[in-house]
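A closer look at the structure
Residue-level listing of the chains:
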Amino acid sequence: MTINFEYHEVTASPRLEALLTERLNKLESKYDSIVSADVYFKKENSSNPEKGKICSVRLSVPGSNIFAETSTASFEASVAKVSTELRTQLQKRKDKLQAH
């Protein structure tokens, strides 16, 4: 799987890349149809201190792409939430395909 990282108004972080790469590799080992991932880290000016660090991931899989985005107080929490959302969507897709 190819993983492309993009940063908008955020400095590149090897630690964040390693964290998300590890989580995406776990997803790929369970759901082998993942071709590539596009990852975006963004900062948003927000009056809410619980939001503002955004992590977006688009997975290329056969059929339509899977997309998840979360905004929390830290990038680490955003990575955790977005990987959970992706896992849920991949499981739904897998269950749907097995039903047919």
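Report follows, based on the coordinates. Remember, predicted model here, so these are calculated numbers, not experimental data.

**Considering the environment of valine 39**
Position of valine 39 among the secondary structure elements: in strand S2 (residues 36–43). Through-space distance from the C-alpha of valine 39 to that of alanine 77 is 15 Å; in sequence the pair is 38 residues apart. Setting aside anything within four residues of it in sequence, one finds valine 39 in contact with Ile3, Asn4, Phe5, Glu6, Leu20, Leu24, Ser56 and Val57.

**Quick notes on the sheet that holds strand S1 (residues 2–8)**
Reading across from one edge, S1-S2-S3-S4 is the order of the four strands in this open sheet, with mixed pairing throughout. Lying at the two open borders of the sheet, with one neighbouring strand each, are S1 and strand S4 (66–72). The sheet shows a mean angle of 15 degrees between the axes of neighbouring strands, direction not considered. Strand direction decides the pairing type here: S2 and strand S3 (residues 53–60), joined by eight bridges, are antiparallel. Directly across from serine 36, in S3, lies its bridge partner serine 60.

**A short note on the layout of surface pockets**
Roughly 160 Å³ of volume is contained in the largest pocket. Lys30, Tyr31, Asp32, Ser33, Val61, Pro62, Leu90, Arg93, Lys94 and Leu97 together form the lining of the largest pocket. Sorting elements by how many residues they give to the lining of the largest pocket places helix H2 (residues 75–99) first, with four residues. When grouped by side-chain class, the residues that make up the lining of the largest pocket number five nonpolar, one polar and four charged.

**Quick word on the pattern of salt bridges**
Going through the model one piece at a time under the given rule, you end up with three salt bridges. Where glutamate 76 meets arginine 15, a salt bridge forms, and the shortest distance between an N and an O atom there is 2.6 Å. With glutamate 76 in helix H2 and arginine 15 in helix H1 (residues 14–30), this pair connects stretches of sequence that are 61 residues apart. A salt bridge links glutamate 69 to lysine 42; its shortest N-O distance comes to 3.6 Å. Of the two residues, glutamate 69 sits in strand S4 while lysine 42 sits in strand S2, which places them 27 residues apart along the sequence. Of the residues examined, glutamate 69 reaches a relative accessible area of 40% and is grouped as partly exposed.

Conventions used here
Residues numbered from 1 in each chain as written. Predicted model: local features only at pLDDT ≥ 70, side-chain atom pairs only at ≥ 80, totals over all residues. Heavy atoms only, no water. Helix = DSSP H or I, 4+ residues; strand = E, 2+ residues; numbered from the N terminus. Contact = heavy atoms within 4.5 Å. Pairing = 2+ DSSP bridges. Axes fitted to C-alpha atoms, helices over the stretch in contact; angles between N-to-C directions. 1 Å grid on protein atoms, 1.4 Å probe; cavity = no way out; pocket = protein on both sides within 12 Å on 5 of 7 lines; lining within 4 Å. Points joined across faces, edges and corners; volume = space filled by probe spheres on them. Nonpolar A, V, L, I, M, F, W, Y, C, P; charged D, E, K, R; others polar. Salt bridge = Lys/Arg side-chain N within 4 Å of Asp/Glu carboxyl O. Buried < 20%, exposed > 50% of the residue type's maximum accessible area, 1.4 Å probe, protein only.

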